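The lines below spell out each chain.
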Amino acid sequence: MFYIIDILGTIAFSISGVLVALNKKMDPFGIFIIAFVTAVGGGTLRDILLNETPVFWMKDMTFIYVVAFTASITIIIKNKIDYLRTSLFLFDTIGIGLYTVVGVEKGINAGLHPVICIALGTMSACFGGVIRDILCNEIPIIFRKEIYATACILGGIAYFLLSELPINGDFVFVIAGCVVIFVRLLAVKFKISLPNIYGEK
Amino acid sequence: MFYIIDILGTIAFSISGVLVALNKKMDPFGIFIIAFVTAVGGGTLRDILLNETPVFWMKDMTFIYVVAFTASITIIIKNKIDYLRTSLFLFDTIGIGLYTVVGVEKGINAGLHPVICIALGTMSACFGGVIRDILCNEIPIIFRKEIYATACILGGIAYFLLSELPINGDFVFVIAGCVVIFVRLLAVKFKISLPNIYGEK
Amino acid sequence: MFYIIDILGTIAFSISGVLVALNKKMDPFGIFIIAFVTAVGGGTLRDILLNETPVFWMKDMTFIYVVAFTASITIIIKNKIDYLRTSLFLFDTIGIGLYTVVGVEKGINAGLHPVICIALGTMSACFGGVIRDILCNEIPIIFRKEIYATACILGGIAYFLLSELPINGDFVFVIAGCVVIFVRLLAVKFKISLPNIYGEK
């Protein structure tokens, strides 16, 4: 079941990459590359930092196929993609929820300090989008917009708080992932952002 | 003989880095850095992903000397560099041909799936130029121009098709590299590009 | 004692990251991320290239706490930060001096060639600032400004020259670090830059 969500996350990240690349008028190959780095960038950084190489997408072909398929479909139906924006947002949010918790668990398995595990999980979730924006020559959106990485950090904290309780590990995984998702959904719905530190406007 | 082409590839990539850096009015040190990352960036990413560290240019001093020498010469004769553009293009194309096949073979030696090997080869060939353009604050040229990475992918596919035939491995290497080179030469000569997916113009 | 300078270097790099991020009107989380990559980016690249993973800040929590504390303080007193610019410049210069020599020594311990060790030390010192500028969508400042990486290279050369003399290793460390610092201080004070290769102004 987690594998299915994993694929959904990859699909959502791929679509978000395609949408940014289309906006930059890239050719089909460039679009595929952007979709691919958006989908696997975070996990690749995570695996390199943990020295788990070859990295995950080099050992399991599923990810490269899913990105190729998703990117092709998205390019074909791009004129109708506006209808998809809501479900895209939902997939993307599910994606960062899952990637955060997977990253946290990988850090725990490597024997790292909880704070580092949360940092790893947040990177896994956000770094793909950062590379996407760098390649497209924009300031990464996570530095400019609403609650995004903050949701991942809160999910990571929830994971460690829940681990203290006598709860089954799978539930901890699911609940922590849901914390990420709900924080982000609430933040977007109620336009919550981090406190403005620049005084006016 | 392959080592000689390897050096030629490094020279060509260095020159292309110097040309971009000169265009940005960088100082001599900046120019050297850009030349260096253009020349070794792709191979460095490849070695990190495969966990072959220290990476190749840390073990063989030749590359750093070749880049330093090439960058110095190019800066000195920069006013005459226009005469060199054709041979530069040729060297660059030989370079991506070689780097593609070297990357593919490194992937095979690491026991990876053919699709991953082709991806590795394409990265080896193209990533240096991507970092060069990011450091110079431009959208990477491979996302905007004619057939480039596509030629690497076709060369990688050719490598695996030829491997099925009863041909000597060295010939497979040479022919696959030539496929990259010819595809790129033909694409530039006849202004072939990937299909336009944006409708008008 | 070196650990204290190490912390001072981390503080200085963090502050420089915060100042750039404030200038881009980032939110508090973005500011923290920029401060963090500025402070640890160079050492992370060094450790990945040397295959010393998990990288240093994943094994010693001090760095992440120092960055968080420094970034918080800097945001709070940002209106008074102009008074700090001189000491910031001094800390930053001490930082690159230290990071250069630490990088050189790590390279020596890994059995690498002196030229590679100097390259490693220079990367350790400069790469954090490069990532900071890329994330903020600017051409990295080391490619545009006065002597910066050049000071690191000269310090690295001094390290190897001094190692030939019958001097205690700790003194070599200190003197080589001071070379970096003095070269940079003198270059900024007397507005020395690399030779202009573009003819007119």
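Residues numbered from 1 in each chain as written. Chains lettered and ligands numbered in written order. Predicted model: local features only at pLDDT ≥ 70, side-chain atom pairs only at ≥ 80, totals over all residues. Heavy atoms only, no water.

Participant: Explain a nonpolar patch on the surface here, please?
Facilitator: Nonpolar side chains collect at one region of the surface, where L165, I167, F171, V174 and I175 of chain A lie side by side and expose about 410 Å² of accessible area between them. Structurally, L165 of chain A can be placed in the loop between α7 (149–163) and α8 (169–189). (Patch = residues over 30% accessible without salt bridge, like charges linked within 9 Å, V, L, I, M, F, W, Y side chains within 5 Å. Areas by Shrake-Rupley, 256 points an atom, 1.4 Å probe, with all protein chains shown as cover. Salt bridge = Lys/Arg side-chain N within 4 Å of Asp/Glu carboxyl O. Helix = DSSP H or I, 4+ residues; strand = E, 2+ residues; numbered from the N terminus.)

Participant: What is the right way to read the interface of chain A and chain C from this model?
Facilitator: A common way to express how large an interface is: the accessible area buried when the components associate. Listed per partner, the contact involves 28 residues of chain A and 30 residues of chain C. Remark: the boundary between chain A and chain C carries 0 salt bridges. Joining chain A to chain C, the criterion identifies 1 residue pair in polar contact (both at pLDDT 80 or more). Of all the secondary structure elements, the ones that give two or more residues to the side of chain A that touches chain C are α2 (28–49), α6 (114–135) and α7 of chain A. Element by element, the count of residues in the side of chain A that touches chain C is highest for α6 of chain A, at 8 residues. In terms of residue class, the side of chain A that touches chain C is made up of 21 nonpolar, 5 polar and 2 charged. (Contact = heavy atoms within 4.5 Å. Polar contact = N/O pair within 3.5 Å; in protein donor to acceptor, adjacent residues only side chain to side chain. Nonpolar A, V, L, I, M, F, W, Y, C, P; charged D, E, K, R; others polar.)

Participant: In this structure, what is going on with the UniProt feature "transmembrane region" (unreviewed entry) in chain A? I would like to understand it.
Facilitator: Residue and element names in this part refer to chain A. In this numbering, the UniProt entry assigns the feature "transmembrane region" (unreviewed entry) to residues 6–22, 29–49, 61–77, 84–104, 110–135, 147–165 and 171–188. Measuring from the first to the last C-alpha atom of residues 61–77 gives 25 Å, for a span that is 88% helix and 0% strand. The annotated region residues 147–165 carries 79% helix and 0% strand content, and the separation between its end C-alpha atoms amounts to 27 Å. (UniProt positions renumbered as here; feature names shortened; annotations may be inferred.)

Participant: Help me understand the nonpolar core in this model?
Facilitator: The tendency in soluble globular proteins is for nonpolar side chains to be buried as a group. By size, the foremost hydrophobic cluster in this structure holds 181 residues, and its most contacted members are W57 and M58 of chain A, W57 and M58 of chain B together with W57 and M58 of chain C. If you tally residues by element for this core, the top one is α2 of chain A, at 11 residues. Other than its neighbours up to four places away in sequence, M58 of chain C contacts L49, L50, L112, I116 and L120 of chain A. (Core = buried A, V, L, I, M, F, W, Y, C linked by side-chain atoms within 4.5 Å. Buried < 20%, exposed > 50% of the residue type's maximum accessible area, 1.4 Å probe, protein only.)

Participant: Even after reading the chapter, I still don't get the relation of the copies chain B and chain A, so can you show me in this structure?
Facilitator: In this structure, two copies of a chain are linked by a rotation about an axis accompanied by a shift along it. Each copy superposes on the other: chain B lies on chain A with an RMSD of 0.0 Å after a rotation of 120 degrees and an axial shift of 0.0 Å. The operation mapping one copy onto its partner corresponds to a three-fold rotation axis. The position closest to the rotation axis in chain B is occupied by the C-alpha of N137 of chain B, lying 4.0 Å away. Take the interface residues of chain B: only 14% of them recur as interface residues in chain A, which is what a contact between different surfaces looks like. (Least-squares fit on C-alpha atoms with pLDDT ≥ 70 in both.)

Participant: Explain the pattern of salt bridges to me, please; I cannot follow it from the model alone.
Facilitator: Side chains carrying opposite charge are able to pair once their charged atoms draw close together. Counted by the stated rule, this structure contains 9 salt bridges over all chains. Of the charged contacts in the structure, one is a salt bridge between R46 of chain B and D47 of chain B, with a shortest N-O distance of 3.1 Å. Pair check on accessibility: R46 of chain B and D47 of chain B agree, each one buried. The structure contains a network of salt bridges with shared partners spanning R46, D47 and K106 of chain A.

Participant: Would you mind showing me how to read the side chain of R46 of chain A here?
Facilitator: All names here are of chain A. Counting through the fold element by element, R46 comes out in helix α2. Overall, R46 belongs to the buried group, its relative accessible area being 6%. Within polar-contact distance, the side chain of R46 engages the side chain of D47 at 3.1 Å. What R46 contacts, discounting residues up to four positions off in sequence, is F56, V102, G103, K106, L120 and S124.

Participant: Explain empty space enclosed by the protein to me, please; I cannot follow it from the model alone.
Facilitator: To locate leftover empty space, one rolls a probe as large as a water molecule over the atoms. Evaluated as defined, the whole model comprises 5 cavities of 30 Å³ or more. Estimates place the volume of the largest cavity at around 80 Å³. Lining the largest cavity are I134, N137 and E138 of chain A, D133, I134, N137 and E138 of chain B together with I134, N137 and E138 of chain C. Of the residues assigned to the lining of the largest cavity, the class counts are 3 nonpolar, 3 polar and 4 charged. (1 Å grid on protein atoms, 1.4 Å probe; cavity = no way out; pocket = protein on both sides within 12 Å on 5 of 7 lines; lining within 4 Å. Points joined across faces, edges and corners; volume = space filled by probe spheres on them.)

Participant: Mind showing me how you'd approach the interface of chain B and chain A here?
Facilitator: Contact residues are listed per partner, giving 28 residues for chain B and 30 residues for chain A. The tally of links from chain B across to chain A stands at 1 residue pair in polar contact (both at pLDDT 80 or more). Those elements giving two or more residues to the side of chain B that touches chain A turn out to be α2 (28–49), α6 (114–135) and α7 (149–163) of chain B. For the side of chain B that touches chain A, the leading source of residues is α6 of chain B, giving 8 residues.

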